[in-house]
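Examining the three-dimensional arrangement
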Amino acid sequence: MKKIKSILSQFTFLSFLGNRYLLVTIGFLVWMLFLDNYSYLEHRVLNKEIDELQDNIDYYETEIKKDSIRIKKLKNPDQIEKYAREKYYMKRENEDIYIIEFEGEEKQEQNDF
């Protein structure tokens, strides 16, 4: 104990280390922030995962809405025919279909339905 007091008296900026309440408080904070199972670092990782999962939920909810709109449209026979003609290049009897593709243009998928 005398060695600690002699060191603290030599270095005045270390005098706060003599206060045991401060040492306990610092130890508690270090434990809670870095070492505990519910530490700040662990919460940051979990919050990041929650944000990613929430983004996935939002994406899939919008996709479900789009698909439900497509399903409602495809209940109409005229829309089924239109979709089959555009997507699968189906045709009626005695009808010719000409597909014109330009160079440098990529095929675009239609998401109108």
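Heads up: these notes are all about the structure in this document. (Residues numbered from 1 in each chain as written. Predicted model: local features only at pLDDT ≥ 70, side-chain atom pairs only at ≥ 80, totals over all residues. Heavy atoms only, no water.)

A few words now on the pattern of salt bridges. On inspection of all chains with the given rule, the structure shows 5 salt bridges. In this structure, Asp67 engages Arg70 in a salt bridge whose closest nitrogen and oxygen atoms are separated by 3.2 Å. One end of the pair is Asp67 and the other is Arg70, both in helix H3 (residues 40-73) and 3 residues apart, which spans about a single turn. Across the salt bridge formed by Arg85 and Glu81, the nearest N and O atoms sit 3.4 Å from each other. Placement of both Arg85 and Glu81 in helix H4 (residues 77-88) is noted, with a separation of 4 residues, approximately one turn of the helix. One continuous salt-bridge network, built from bridges that share partners, spans Glu81, Arg85, Arg92 and Glu95. (Salt bridge = Lys/Arg side-chain N within 4 Å of Asp/Glu carboxyl O. Helix = DSSP H or I, 4+ residues; strand = E, 2+ residues; numbered from the N terminus.)

Our focus in this paragraph is the packing of aromatic side chains. Within this structure, the stated rule accounts for 2 aromatic pairs. Plain terms: the ring middles of Tyr59 and Tyr60 are 5.1 Å apart, the flat faces sit at 70° to each other, and that makes the pair edge-to-face. Ring centres of Tyr83 and Tyr88 lie 6.2 Å apart, and the angle between their planes is 80°; this geometry places the pair in the edge-to-face category. Residue class for Tyr83 comes out partly exposed when judged on its relative accessible area of 26%. Tyr88 gets classed as exposed once you look at its relative accessible area, which sits at 52%. (Phe/Tyr/Trp six-rings, centres within 6.5 Å; stacked < 30°, edge-to-face > 60°. Buried < 20%, exposed > 50% of the residue type's maximum accessible area, 1.4 Å probe, protein only.)

The next point concerns unusual backbone geometry. With phi around 55°, Tyr89 is a residue other than glycine that occupies positive phi space. Here Tyr89 shows up in the segment after H4. Classification of Tyr89 by relative accessible area gives partly exposed; the value is 37%. For Asn94, which is not glycine, the phi torsion reads 60° and is therefore positive.

Right, let's talk about the side chain of Ser39 for a bit. Turning to its location among the elements, Ser39 is positioned in the loop between helix H2 (20-35) and H3. Owing to a relative accessible area of 4%, Ser39 belongs among the buried residues under this scheme. If near-sequence neighbours (up to four positions away) are discounted, Ser39 is found in contact with Met32, Leu33 and Phe34. (Contact = heavy atoms within 4.5 Å.)

A grouping of Leu22, Ile26, Phe28, Leu29, Val30, Trp31, Met32, Leu33, Phe34, Leu35, Tyr40 and Leu41 is seen on the molecular surface, where their side chains present a nonpolar patch of about 1100 Å² in accessible area. Contributing elements (two or more residues each) for the nonpolar patch: H2 and H3. For the nonpolar patch, the leading source of residues is H2, giving 10 residues. Relative accessible area serves as the criterion here: at 45%, Trp31 is assigned to the partly exposed category. (Patch = residues over 30% accessible without salt bridge, like charges linked within 9 Å, V, L, I, M, F, W, Y side chains within 5 Å. Areas by Shrake-Rupley, 256 points an atom, 1.4 Å probe, with all protein chains shown as cover.)

Together, Glu42, Glu49, Asp51, Glu52, Asp55, Asp58 and Glu61 line one region of the surface with negative charge. Within the element layout of this structure, Glu42 appears in helix H3. Residue classification places Glu42 among the partly exposed residues on the basis of a relative accessible area of 37%. (Lys, Arg positive; Asp, Glu negative; His and termini not counted. Charge placed at Lys NZ, Arg CZ, Asp CG, Glu CD.)

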